[in-house]
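# Summary of structural features
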Amino acid sequence: MLFTTQWLQKLFKKTRGDLQQSIDIHQVTTDSREPSYQGLFIPLIGEHFDGHQFIFDAIERGAVAALWQGDRPLPDTLNPSFPIFYVDDTLVALQELAATYRQLVDPIVIGITGSNGKTTTKDLVTSVVQTQFQTHATEGNFNNHIGLPLTILGMPRHTEILVLEMGMNNYNEINRLTDIARPDYAIITNIGESHIEFLGSRAGIAQAKLEIIHGMDQQGVLIIDGDDPLLTEKNYPLHLIRCGFQLDNDVSLKLKSISIAQTVFHLLDEDRLYTVPLAGKHHAKNAAFAVIIGRKLNISVENIQKGLEQCNHTGMRFETVMGRNGVTIINDAYNASPTSMKAAIEVVKHLNGFKHKVLVLGDIFELGHYAEELHRSVASAIDAHITVLFTYGKHAKHIVEAVDEQLVNLNRQHFTSQEELTKALEPYLKPDTVILCKASRGMQFETIVHALQ
């Protein structure tokens, strides 16, 4: 049970229906198509839909009470005894309910944001803390103004640690999320170029990410990428831990080795190697954030390492799969930014055991008028370590154009159809080859991955 209708009455006082007998609420849902057990249905209103129209579907699938926006008429055929809680705005009410429930359960809250790596860091932190604590965390990309409240409202009453990913497209969005979540610990993984179309510059992106501290008190702990001047050249009104590869960080780390299956690193303030089942220097830093959280929560070193090794990594984020004829495919098609694309290329360049290294790169979204410049910047990571570069998309052609200017000796070609690109990959489907597929989610590069399997 999450709470009762009697408890809800204290928060939403204008009601209708039979509320004499308190009803246990076990789930909160905004989707009338999803089954729920003893559910509270919150009908949201969008540009092309109104959840209030589906109240009977929600009841049929298990809703036993509902919030209701006051300017929407109740259906005449709705059972008069069905509990209704009137609100001015169902979205605002969802967020208020989540904030109140967070205070009721009162777990330790860890908020995670950043341009790149926030989902991976969320997965790593979750895996570490759940070795010793009852933990609840963001699933998938439920990290916005609707997903974060629903994540909180999916938290069991016995939760000790709540791990929340916080995403944004514009200013003041993380402000709202942090006001709901009230983090005790916050991690800013880095500042890249994601959403630069809306925020104008990397400095603007940093400003938006730093909104996370507005929901924290002075006892809170902020962990940042200490290698990024946009984050380090500021004063913070709380406890700060700078983490990165530079020696002047509070926690400095050094890379030991990278393979297709894992990255090994150590922190300079202790004589111990940590292994994370992800490939890349950037993943060492993501894992170091999780180690710091583990230390702050007095999790044993053994459990920290166990958590890193057992991390359940969200799919299509540098996911290694086997393709036809034994080719190795890296499916990194969930999302992309110029920073993350260059980081992925760096990983591929330094992988051992492959004669041929193939890049299949697509468009990066939400770059606005910076699109050509930032796509061209990806070429700086491409050198003679790479055998083949294939691109697909409106802006990805600029990567090939920039490589042409560098006179790098590799096979490179831009395609205007996925089918032609996939056909061109056929000669490279062999055991001595690794193929990286990376683009923004909307490019649907998983179609290419599936075609090669």
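Residue indices begin from 1 for each chain and proceed along its sequence in written order. Under the rules for a predicted model, residues below a pLDDT of 70 receive no local features and side-chain atom pairs below 80 are neither given nor counted, while totals for whole chains, interfaces and linings still include all residues. Water and hydrogen atoms were dropped before computing side-chain values, which therefore reflect all heavy atoms in the structure.

### A closer look at the side chain of Ser36
Stated precisely, the cut-off is as follows: In this description a helix means any DSSP run of H or I spanning at least four residues, a strand means any run of E spanning at least two, and both kinds are numbered starting from the N terminus. Burial classes: relative accessible area under 20% of the type maximum marks a residue as buried, over 50% as exposed, and values in between as partly exposed (1.4 Å probe, protein chains only). Pairs of residues are marked as contacts when any of their non-hydrogen atoms sit within 4.5 Å.
Position of Ser36 among the secondary structure elements: in the loop between strand E4 (27-29) and strand E5 (39-41). The exposure class assigned to Ser36 is buried, which follows from its relative accessible area of 12%. Residues within four places of Ser36 in sequence aside, it is in contact with Gln27, Thr29, Arg61, Gly62 and Ala63.

### Digging into the environment of Leu8
For Leu8, the location among the structural elements is in helix H1 (residues 5-11). Taking the C-alpha atoms as reference points, Leu8 and Asn235, separated by 227 residues in sequence, lie 41 Å from one another. With residues near it in sequence (within four places) discarded, Leu8 still touches Phe3, Leu40, Phe85 and Leu97.

### A few points about the pattern of salt bridges
Condition: The term salt bridge refers to a pairing of a side-chain nitrogen on Lys or Arg with a carboxyl oxygen on Asp or Glu at a separation within 4 Å.
Counted under the stated rule, the structure contains 20 salt bridges. When the shortest N-O distance is used, the salt bridge between Arg102 and Asp106 registers 3.5 Å. Residue Asp106 is classed as exposed on the basis of its relative accessible area of 54%. A single network of salt bridges, built from pairs that share partners, joins Asp50, Asp71 and Arg72.

### Concerning the layout of surface pockets
Short version of the rule: Whether a set of points on the 1 Å grid over the protein atoms alone is a cavity depends on a 1.4 Å probe fitting there but being unable to get out, while an open set qualifies as a pocket with protein on both sides within 12 Å along at least five of seven lines; lining residues are those with an atom within 4 Å of a point. Grid points are joined across faces, edges and corners, and a volume is the space filled by probe spheres set on the points. Under the scheme applied here, ten amino acids are nonpolar (Ala, Val, Leu, Ile, Met, Phe, Trp, Tyr, Cys and Pro), four are charged (Asp, Glu, Lys and Arg), and all others, including Gly, are polar.
What the second largest pocket holds in volume is close to 560 Å³. Val28, Phe142, Gly147, Leu150 and Thr151 are the residues nearest the centre of the second largest pocket, which is lined by 21 residues in total. Broken down by secondary-structure element, the contributors of at least two residues to the lining of the second largest pocket are E4, strand E9 (135-137) and helix H5 (147-153). Element by element, the count of residues in the lining of the second largest pocket is highest for H5, at four residues. Here the residues of the lining of the second largest pocket sort into eight nonpolar, ten polar and three charged.

### Some details on the sheet that holds strand E10 (residues 161-165)
Selection rule: At least two bridges found by DSSP between two strands are what make those strands a pair. Lines fitted to C-alpha atoms define the axes, with helix axes restricted to the stretch in contact, and inter-axis angles between N-to-C directions lie between 0 and 180 degrees.
The mixed open sheet is built from nine strands, whose spatial order is E9-E10-E8-E11-E12-E13-E14-E15-E16. The open sheet has two edge strands, E9 and strand E16 (273-276), and neither has a second partner. Averaged over all pairs of adjacent strands, the angle between their axes in this sheet comes to 20°, without regard to strand direction. Pairing of strand E8 (residues 108-113) with E10, which is carried by five bridges, proceeds in the parallel orientation. Bridging across to E10, Val109 finds its partner in Leu162. Its contacts with the sheet place helix H4 (residues 118-129) against E8, E9, E10, strand E11 (185-188) and E16, and it is angled at close to 170° to E10.

### Thoughts on the packing of H4 against helix H10 (residues 281-296)
The line we're drawing: In this scheme the handedness of a crossing depends on how the near helix is turned from the far one: anticlockwise by less than a right angle means left-handed, clockwise means right-handed.
In contact at an axis separation of 9 Å, H4 and H10 are set at 35° when each is read in the N-to-C sense. Our pair here, H4 against H10, has a crossing hand that is right-handed. Every residue of H10 that contacts H4 at Thr120, Thr121, Leu124, Val125, Val128 and Val129 is listed here: His283, Asn286, Ala287, Phe289, Ala290, Ile293 and Gly294. Per-class residue counts for the contact of H4 with H10 are eight nonpolar, five polar and no charged.

### Considering the state of the cysteines
Heads up, the condition is: Cysteine sulfur pairs qualify as disulfides if the two atoms are within 2.5 Å.
According to the stated counting rule, one finds zero disulfides in the structure shown. Here Cys311 is not disulfide-linked; the sulfur of Cys243 is the nearest cysteine sulfur, at 16 Å.

### Some remarks on the packing of aromatic side chains
For the record, the criterion: The aromatic pairing rule takes the rings of Phe, Tyr and Trp, using the six-membered ring of Trp, and pairs them if the centres are within 6.5 Å, calling planes under 30 degrees apart stacked, those over 60 edge-to-face and the rest tilted.
Applying the stated criterion to the full structure yields six aromatic pairs. An aromatic cluster of three or more residues is present, and its members are Phe3, Trp7 and Tyr101.

### A short note on the environment of Arg61
On the secondary structure map, Arg61 appears in the loop between helix H2 (55-60) and strand E6 (63-69). Under the relative-accessibility criterion, Arg61 is labelled partly exposed at 31%. Each C-alpha atom of the pair Arg61 and Tyr37 lies 8.0 Å from the other, and the pair is 24 residues apart in sequence. When residues no more than four places from it in sequence are discounted, the contact partners of Arg61 are Ser32, Arg33, Glu34, Pro35 and Ser36.

### Thoughts on the sheet that holds strand E2 (residues 15-16)
Taken together, the five strands give an open sheet; going across it, the order is E2-E7-E6-E5-E4, and neighbouring strands pair in mixed fashion. Two strands bound the open sheet, and with one partner strand each, they are E2 and E4. Contacts from helix H3 (residues 90-105) reach E5, E6 and strand E7 (84-87) within the one sheet, and its direction differs from that of E6 by about 120°.

### A closer look at the environment of Phe390
By secondary structure assignment, the location of Phe390 is in strand E20 (residues 388-392). Once residues within four sequence positions are removed from consideration, Phe390 is found in contact with Leu359, Val360, Leu361, Asn411, Gln413, Phe415, Leu421, Ala424, Leu425 and Tyr428.

### Focus: the pairing of E8
Within E8, five of the six residues are buried, which leaves it mostly tucked inside the rest of the structure. Pairing of E8 with E11, which is carried by four bridges, proceeds in the parallel orientation. Each residue of the ladder has a partner; that of Ile110, found in E11, is Tyr185.

The analysis is restricted to geometry; functional conclusions fall outside its scope.
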